[in-house]
Amino acid sequence: MATDLIRLTRRGLLAGAGGGLALTLLNPAPLRAGGQGPLYLSAYATAGQPAGYGVAGLRPDGTLAFTRELPGRAHAVVPRPGAAQAVVFARRPGRWLAPLNLATGALGAVVAVPDGFRFTGHGAFDRDGRILYVAEDDVEAEAGSIGIYDPRDGYRRTGALPAHGLGPHELLALEGGRVLVVANGGVITHPDTGRAKLNVDEMDASITYVEAATGALLEKVRLPEDFSNLGIRHIAAMADGAVAFGAQDERPTGDVQPLVGLHRRGSQPLLFDAPEGVWARFDGYIGSVASDGRVVAASSPRGGVVGFWDGRDGRWLGLAELPDGCGIAPAEGGFEATNGLGAVGTFTVAGTPADPPHATPGYRWDNHLTPVG
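Residues numbered from 1 in each chain as written. Predicted model: local features only at pLDDT ≥ 70, side-chain atom pairs only at ≥ 80, totals over all residues. Heavy atoms only, no water.

Enquirer: Describe the side chain of Gln257, with residues and values.
Expert: Topologically, Gln257 is positioned in the loop between β17 (243–249) and β18 (260–263). By relative accessible area, which is 9% here, Gln257 ends up buried. For Gln257, the side chain forms a polar contact with the main-chain oxygen of Asp226, separated by 3.2 Å. Here the side chain of Gln257 touches Asn229 through a polar contact of 2.7 Å, side chain to side chain. (Helix = DSSP H or I, 4+ residues; strand = E, 2+ residues; numbered from the N terminus. Buried < 20%, exposed > 50% of the residue type's maximum accessible area, 1.4 Å probe, protein only. Polar contact = N/O pair within 3.5 Å; in protein donor to acceptor, adjacent residues only side chain to side chain.)

Enquirer: Describe the sheet that holds strand β21 (residues 295–300), naming the residues involved and giving the relevant values.
Expert: Reading across the sheet, the four strands line up as β20-β21-β22-β23 and stay open at both edges, with antiparallel pairing between neighbours. Two strands bound the open sheet, and with one partner strand each, they are β20 (288–291) and β23 (315–321). On average, adjacent strands in this sheet sit at an angle of 20° to one another, irrespective of strand direction. Pairing analysis gives six bridges linking β21 to strand β22 (residues 305–310), with the strands arranged antiparallel. When the bridges of β22 are listed, Ser299 appears paired with Val306. (Pairing = 2+ DSSP bridges. Axes fitted to C-alpha atoms, helices over the stretch in contact; angles between N-to-C directions.)

Enquirer: How would you sum up the nonpolar core? Please name residues and give values.
Expert: By size, the foremost hydrophobic cluster in this structure holds 39 residues, and its most contacted members are Val181, Val260, Phe282 and Trp309. Ranked by size, the runner-up nonpolar core spans 16 residues in total, among them Ala74, Trp96, Ala98 and Leu100. (Core = buried A, V, L, I, M, F, W, Y, C linked by side-chain atoms within 4.5 Å.)

Enquirer: Account for the pairing of strand β14 (residues 206–211), naming residues and giving values.
Expert: The element β14 is extensively covered by neighbouring structure, given that five of its six residues are classed as buried. Both strand β13 (residues 179–184) and β14 contribute to a ladder of six bridges, which runs antiparallel. The partner of Ala183 across the bridge, within β14, is Ile207. Hairpin remark: β14 followed by strand β15 (residues 217–221), antiparallel, with five residues in the connecting loop; positive phi at Gly215, about 85°.

Enquirer: Tell me about the sheet that holds strand β11 (residues 156–162), residues and numbers included.
Expert: Across the sheet, four strands lie side by side as β8-β9-β10-β11; this open sheet has antiparallel pairing. Two strands bound the open sheet, and with one partner strand each, they are β8 (117–125) and β11. This sheet shows a mean twist of 30° between the axes of neighbouring strands, independent of strand direction.

Enquirer: Which residues make up the pattern of salt bridges, and what are the values?
Expert: Applying the stated rule across the entire model yields 11 salt bridges. With its nearest N and O atoms 3.4 Å apart, the salt bridge here joins Arg152 to Asp150. Overall, the relative accessible area of 15% leaves Asp150 in the buried class. (Salt bridge = Lys/Arg side-chain N within 4 Å of Asp/Glu carboxyl O.)

It is worth stressing that arrangement in space is one thing and function is another; only the former is reported here.
Below, the structure written as structure tokens:
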């Protein structure tokens, strides 16, 4: 399929916003208030200096259902099944997570990271919303951990499972929560050095499948040796049980490499193809991966592009240009996407806009976009 492009520029976004970037903070409001279409959740930074940080509910038409200030920069937001609630995770190396009331936009009591651990930006609920699994770094052990938290008891930490890998980032609960799949970036960090990567010459990225009941390792897969410089950081579940993944180049070799692929249990990873010159557009970095069950979308804020593939066979579908674009989520007619310039837009899998993108003045949308329901 021919590649179609939609170009969004900083000038165009500012013009669409009336030329201004004035901060607009709304009081918490019920989700039924204002706007059309489904609700999405995203962390944000405000456009002023110094930047403020928060979480918002937004709709495809750019309407904000609510905003709520946070104690610091957040990363992922995960809705809780069976409840009008979500959990917001601090950016790696994180010190907090916080429940968010989706009926009012109010923030619940902030939960601090346990001593000796750091949150790494993502978590996942089981099917019933009774258990929250959180990706963590066990700092002293220099090992990945999966914290277990009880939403019915103020998100008290009740235990932990091994991630069976280094630098766990995104994790998903499969098979109703019986199996946890973890994207392990393979990089060691330490709170004393912030986000500095301490072992890029010996990094060990992997995807691990962990039995939730026991913590037993069910399967572990790595990319071929020629791609050992790639850290696997983001994943998305497919309808057939496979897992799509996105990677980033932690140890540049000078080669242009595929950064998105698929893994099915019991097989080797499949790296997706793209037309000549396209992988270079991603600038060695995938910031988010999403799927509607069949199509895989992957974004690169560094490259300013979003790519689309058929998840059944890795066939290339199209490319959208979105400067500083990272947040992506399945939507009717394609995928919803946001960027750090305040744009919200729906794109078809060919990369064309389903509707003109909308501007949200004063907001810089962060890495991830999550649908509610």
